[in-house]
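Breakdown of the fold
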Amino acid sequence: MQARRLAIVGVVLAVCVFAAAASGSERKSGGTFRLGTSSRIDSLNPFVAFNQDAYSTFEYIYPELIQYDKANRNFAPDFATSWKASNGGKTWTFKTRGGAVWSDGQPLTSADAAWTINTALKYKGGATANSAGLIAHITRADAPTPTTLVVHYAAALGNVLGQFQQFPILPKHIWSQHTGHKGNDLKSFPNNAPVVGAGPFNLIKFTKDQIALFQRNDKFYGPKPNVDAFGLQMFSNDDALVAALKHHDIDAIEDVPATAIKTLRGSGFTVKQVPGLDHTDFIVNSNPKKTKHRELLDPRVKTAMDYAIDRAQIVRVVFLGAAHPGDSIISPSSGAWYNPAVKPTPFNLAKANGILDGLGYKKGSDGIRVANGSRMSYDVITPTDVHSIPRTFQIIQAAFRKIGIELKQKSLDSSAAFDAITAPNGKYTDFDLSMWDWVGLVDPDFMLSVVTCEQYGGWSDSGFCDKTYDAMYSKQQLTPNQAKRRAIVWQMQKYLQQRKPYLWLANLDNVSAYSSNWTGIVTSPQGPFNSISKVSLTSIQQK
Amino acid sequence: MRGADYVIKRTAFALVTVFVAVTLNFALFRLAPGSAVTDLSRVPHATPELRQALKKQFGLDKSKGAQYVIYLKQLVHGNLGVSFANEQPVSTNLRVALINTLPMVLLGTLFAIVIGTLTGVIAAWRRGTPTEAVTVTSALGFYSMPTHWLGLMLIIIFAGTLPTGGMTNEFLINPSFWTHFRDLAAHITLPSLTLGLVLYGEYTLIVRSAMLETLGEDYILTARAKGLKPWTIVRRHALRNAMLPVATLVALSLGYIVAGAILIETVFSWPGIGRAVYDAVLQRDYPMLQGAFLLLTISVVFFNLVADLLYFKLDPRITE
Amino acid sequence: MSSVLIEAPTAPALSRRGVVLRTLRRNPAAVIGASILLVIAFCAVFAPLIAPYGLHTQVGPVFGHPSWKHPVGLDDGGIDMVTLLMWGARISLIVGFAATFVSMAIGGTVGVLAGYFGGKVDTILMRITDYFLVIPDVPLMIVVAAIWGPSLFHIVIVIGILLWTGTARVIRAQVKSVRERVYVKRARALGAGHLRIVVRHVLPQVAPLLIANTVLTIAVAIFDETALSFLGLGDPSRTSLGKVIENAFERAAISSGAWWAIVPPGGLVALIILGCSLVGGSMEDALNPRLRVAHLSARTFRLRPLVGRNDAL
């Protein structure tokens, strides 16, 4: 009797445990994940778009050869399942997915990839100039079989995968109809929703500056999303954004304003804070040919300024702790690419004053030093769309006054600000100081390129132009061996730290907030909606 | 024939004003420092080739005179150009934005008229009493409030109850008519209420003035002597008199309201023409800006003309 | 404010000033308005001396709560709000006065010239005024501030250029009526030059109305500057009240629960505008209640208090 009862109890218990285990791991799939943002998608056309959220959109609706893995560190397969370099690195062969389809049912093959690359090459002086940098040094792409892509390079590169990680593959059967007028039709094609794509989601509805609605793509060649759909709602200000989350009109915010972090945490929302890829800077015009205030070219003056920046206060007051003092042009979030030997300069007014005294720049009766006959009073150009700048500037201005330097803020919208920096006509001779921010990528190539001579009139906002540095940049690009490439990248960071075109202020954390009924959250330095990988929004699901 | 004379004169004036506005528009934007190309070339991995490509595409390397002629020609064909930012026809962008703004603005004006008329009547009827003072002062008080600040205050007050941003709940997939209607109604409440509150003060004062004037007239005394109830008097005589300036004010206001909606649309994330203008400025989207500016100026001219003709039609006492 | 039906005095000009003072004394609204303005102006003028803390000194945490030491709390930089309110009022009033001065100068001149000379001069000047009238003001302000940079100087010029039309119309009407006065005609007959007549006879008549209009215009100018600041186009180095609101708004004050960073500064702006409206409106009432100006000058759309309020009649 006893044994049987025990056996029954045992079975019942086993069933209970099994049921508990099963229901414990069983999650609700489906539903719509509603994400809010205060930025926007400017265009659905990859040849036209500039905003980060547009690129994140392309990440999720288009196949790319490569993506980053869940840890956002190493490269992982996306449309390409494996890759191999040959011919001394001048030929790369990618094996791509078989049996894949576009959302309209047409087959997705390596021919689409080859077509996209070749088209970008063909019109890189015109319509496809946007992506010219990504396909630099490529001569031709072939698709010998539907699952093989062969890319030919003029020289062996060190960052092939990093470049392809950002290169969306477009459906040839759609886009080849828009290459008229010497390819210029590529840019006028609106690519309206519903977009023919092949990512984990399909973009089914897009109203500019309002909403982008994505539906799960059940024909996706990779891991399918848990949710049925996700939407990105765009708000024109942070308060509306946070209010919508609190009111449960949206489920998550991709970039929480620093001042609202505490209240959201306190209201029961899941707040994820990770080191981000955004860092703010204080720019000193480093053009050797600049005309006025040439004392700013002296690294000792820049060092003195560096000592007068209270990074701890900036992190505390401007970012309320959701940031770290800045130091290098490459963010720590870039992982191994970041050189840990490059450290933030400590705040030391005495040292700053000492350096400037030692240079013989005496303080005048108004407390402002005179250097080579002119007062050390400078305009600081600031763009209006970086929200942390006004308060940061005030902190820096107050501190600089104590070392005898006067700063005046010249607030312009971003294009006027950029014009003021590059004036006159891309020569970078006029401006003295500026403040801005950079959102880097995990691969360091882009951030390192912005201080090359070649980027005058392109990305450069510092006027920095140094032959030695340019040689190092070229070298790391053409070094296929990653360890050797890393060594060069580290060397470049040290080099820049000595010459200081940028005084790095803060490395921002990326803070996102989610309603408590969501789980499977995968964050990234760019937030949940990013152009780094397709992982975040495929993993998220309701509890 | 003075009537026809007047109409022709005002219409001609309106047309000339439009032309001046068009030219002013163009001149204003072409004197700007900085070029739209600058921002458009801030693409990741940009090369110098990109800037040239953009300059060619948008005709930005031509002379100012040539650009002006291109602009006028296109205007005659009803073509306002192509937006720098999203490469869509400006007219399409503006049309969509305008359609979003109008309901909110009209509803706000309606609030203002209703509240204003009510308070104006009360103030006039209760002349000399504390009621009048309170009514007039609160009307002035609301009128003095910065629009955006009042909007923010309403957000603080109603944050939990009413939606405080956007035009609709974008995540309602295929809602029924009533769900959709209720959703729109909920979203439009705060923005139009803000507009109504800052506008109504003017109507209060106008209605009150007009009513005071009428109430002093002899025929009103006669009516009262005859035993007519006060409300009837108000409704039949005084109010009618007040409607002329009210109508005129509405006509004039509509032209400017669309422009004034910028502040409200920024606070409430309303996707209308005000926000479109602001975004266009931020992105240096010159064709969008020129188109929006032209639209706003023409609407002011148009509604001024309407107000002129309305006033003329309704009040033959006017002399030029 | 409470009496629109004062019969227009037919007595000679000398008693105008008396009328104004008498009406102000009798008129509680105007007195309240004037008191509000005086208190605020006092704080604004003496802000450097009486402000409790430094304008750039962090005295506590970001968005610190109101307390005994800081009755209105702290802003997004940990700076005392009372200090900011005082300095903000100072800057806002300076902008208001400066912009109004520009518009008064232009508008007054245009109005006097048009009203005095009449005929062709009048027509041309009024046409120009009409063209300026139809320019939508907020978009123009945004565009100009965005194109030429958000400095205090630009803001003052822009606002001044937009506001003069109201003044011009009001002054023109007044000048026209003065011109018909017997003593002016007599002066002309006696051979007095235009300039002498304008300075000696016209201006004194016009001055009180000009002042009333100026007070109202100040309110509008302050409002416009607040709007511009809110849209991010204000002068970044000056902490006007509009800038205080904008700083708080940019840093999500409402979502952080820091209502004290937004409500008081805007409330103060509203008070200033209300004060100006009460005073200016009463003065206009007292001086010329039956001022019949063509309704087209009723550029009274939102965005600004009632300049030329009587016009719709």
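Look above for the structure.
This report concerns the structure included in the present document. One numbering rule holds for all chains: residues counted from 1, following each sequence as written. Chains carry letters from A onward and ligands carry numbers from 1 onward, assigned in written order. In view of the model being predicted, local features appear only for residues whose pLDDT reaches at least 70, and side-chain atom pairs are presented and counted only at 80 or more, with totals across whole chains, interfaces and linings using the full set of residues. Where side-chain values are given, they derive from all heavy atoms of the structure, hydrogens and water being excluded.

1. Observations concerning the side chain of Glu-254 of chain A
Secondary structure elements follow DSSP: runs of H or I of four or more residues count as helices, runs of E of two or more count as strands, with numbering from the N terminus. Along the chain, Glu-254 of chain A turns up in the loop between strand S13 (252-253) and helix H8 (261-266). Note on contacts: a residue pair is in contact if any heavy atoms of the two residues lie within 4.5 Å. With residues up to four places along the chain from it excluded, the contact list for Glu-254 of chain A reads Leu-35, Gly-36, Thr-37, Ser-39, Asp-53, Asn-510, Val-511, Ser-512, Gly-527, Pro-528 and Phe-529 of chain A.

2. Quick notes on the packing of aromatic side chains
Residues and elements named next belong to chain A. Stacked, tilted and edge-to-face pairs are distinguished by plane angle, under 30 degrees for stacked and over 60 for edge-to-face with tilted covering the rest, among Phe, Tyr and Trp rings (Trp via its six-membered ring) whose centres lie within 6.5 Å. Inspection of every chain in the model, using the stated rule, returns 35 aromatic pairs over all chains. Feature note: the residues Tyr-60, Phe-201, Phe-214, Phe-230 and Phe-529 constitute an aromatic cluster, connected by ring pairs. A ring is scored as having a charge over it whenever the NZ atom of a lysine or the CZ atom of an arginine sits within 6 Å of its centre and within 35 degrees of its normal. Sitting over the face of the ring of Trp-337, Arg-486 holds its NZ or CZ atom 5.9 Å from the ring centroid. Directly above the ring of Tyr-495 sits Arg-499, whose terminal nitrogen or CZ lies 3.7 Å from the centroid.

3. Quick notes on a nonpolar patch on the surface
Residue and element names in this part refer to chain C. Side chains of Phe-42, Val-45, Phe-46, Leu-49 and Ile-50 sit close together on the surface and give an oily, nonpolar patch of about 490 Å² of accessible area. When residues of the nonpolar patch are traced back to their parent elements, those giving at least two are helix H2 (28-45) and helix H3 (47-50). Counting through the fold element by element, Phe-46 comes out in the loop between H2 and H3. Here the term buried applies to any residue with accessible area under 20% of the maximum for its type, exposed to any over 50%, and partly exposed to those in between, with areas from a 1.4 Å probe on protein chains only. Of the residues examined, Phe-46 reaches a relative accessible area of 34% and is grouped as partly exposed. Patches were defined on residues exceeding 30% relative accessible area and lacking a salt bridge, with like-charge contacts within 9 Å and nonpolar side-chain contacts (Val, Leu, Ile, Met, Phe, Trp, Tyr) within 5 Å. Per-residue accessibility takes into account occlusion by the displayed protein chains alone, with areas from the Shrake-Rupley method and a 1.4 Å probe. Within this document, salt bridges are pairs made up of a side-chain nitrogen of Lys or Arg and a carboxyl oxygen of Asp or Glu, the two lying within 4 Å of each other.

4. Overview of the nonpolar core
Grouped together as the largest cluster of nonpolar side chains are 207 residues, with contacts concentrated most on Phe-282, Ile-329 and Leu-407 of chain A. The dominant element in this core, judged by the number of residues it contributes, is helix H8 (residues 177-215) of chain B, at 13 residues. If sequence neighbours within four positions are ignored, Leu-407 of chain A has contacts with Phe-282, Tyr-378, Val-380, Phe-393, Ile-396, Gln-397, Phe-400 and Leu-433 of chain A. One finds Ile-169, Leu-170, Ile-521 and Ile-540 of chain A within the second-largest nonpolar core, a separate group that totals 67 residues. Only buried residues count toward a nonpolar core, which is a set of Ala, Val, Leu, Ile, Met, Phe, Trp, Tyr and Cys residues joined through side-chain atoms within 4.5 Å.

5. Examining helix H2 (residues 52-61) of chain A
Within H2 of chain A, nine of the ten residues are buried, leaving the element largely enclosed by the surrounding structure. Contacts made by the buried residues of H2 of chain A are with strand S1 (32-37), strand S2 (66-68), strand S10 (201-207), strand S11 (211-216), strand S12 (229-234) and helix H17 (535-539) of chain A.

6. Brief notes about the pairing of strand S21 (residues 502-514) of chain A
All names here are of chain A. Of all the 13 residues making up S21, 13 are buried; the element is thus mostly covered by neighbouring parts of the structure. When strand S15 (residues 323-325) meets S21, the two strands line up antiparallel, connected through three bridges. Residue pairing for S21: His-324 is matched across the bridge by Asn-507. Note on pairing: DSSP must find at least two bridges between two strands before they are called paired.

7. Let's talk about unusual backbone geometry
All names here are of chain A. Note the cis peptide between Ala-193 and Pro-194, where omega equals -5°. Summarising the element assignment, Pro-194 is placed in the loop between helix H6 (185-188) and S10. The linkage connecting Ala-423 with the following residue, Pro-424, adopts the cis geometry, with an omega of -15°. The residue Pro-424 is located in the loop between helix H13 (414-422) and strand S20 (433-439) in this model. One non-glycine residue with positive phi stands out, namely His-137, at about 75°.

8. Points about the pattern of salt bridges
Here the structure, examined in full by the defined rule, presents 23 salt bridges over all chains. Measuring nitrogen to oxygen at the nearest pair gives 3.6 Å for the salt bridge that ties Lys-534 of chain A to Glu-59 of chain A. With a gap of 475 residues between them, Lys-534 of chain A in the loop between strand S22 (518-519) and H17 and Glu-59 of chain A in helix H2 connect regions that are remote in the sequence. Residue Lys-534 of chain A is classed as buried on the basis of its relative accessible area of 4%. We note a salt bridge from Arg-300 of chain A to Asp-298 of chain A, for which the minimum N-O separation is 3.0 Å. By relative accessible area, which is 49% here, Arg-300 of chain A ends up partly exposed. Within the structure, one salt-bridge network assembled from shared partners comprises Arg-391 of chain A together with Asp-75, Asp-76 and Arg-251 of chain C.

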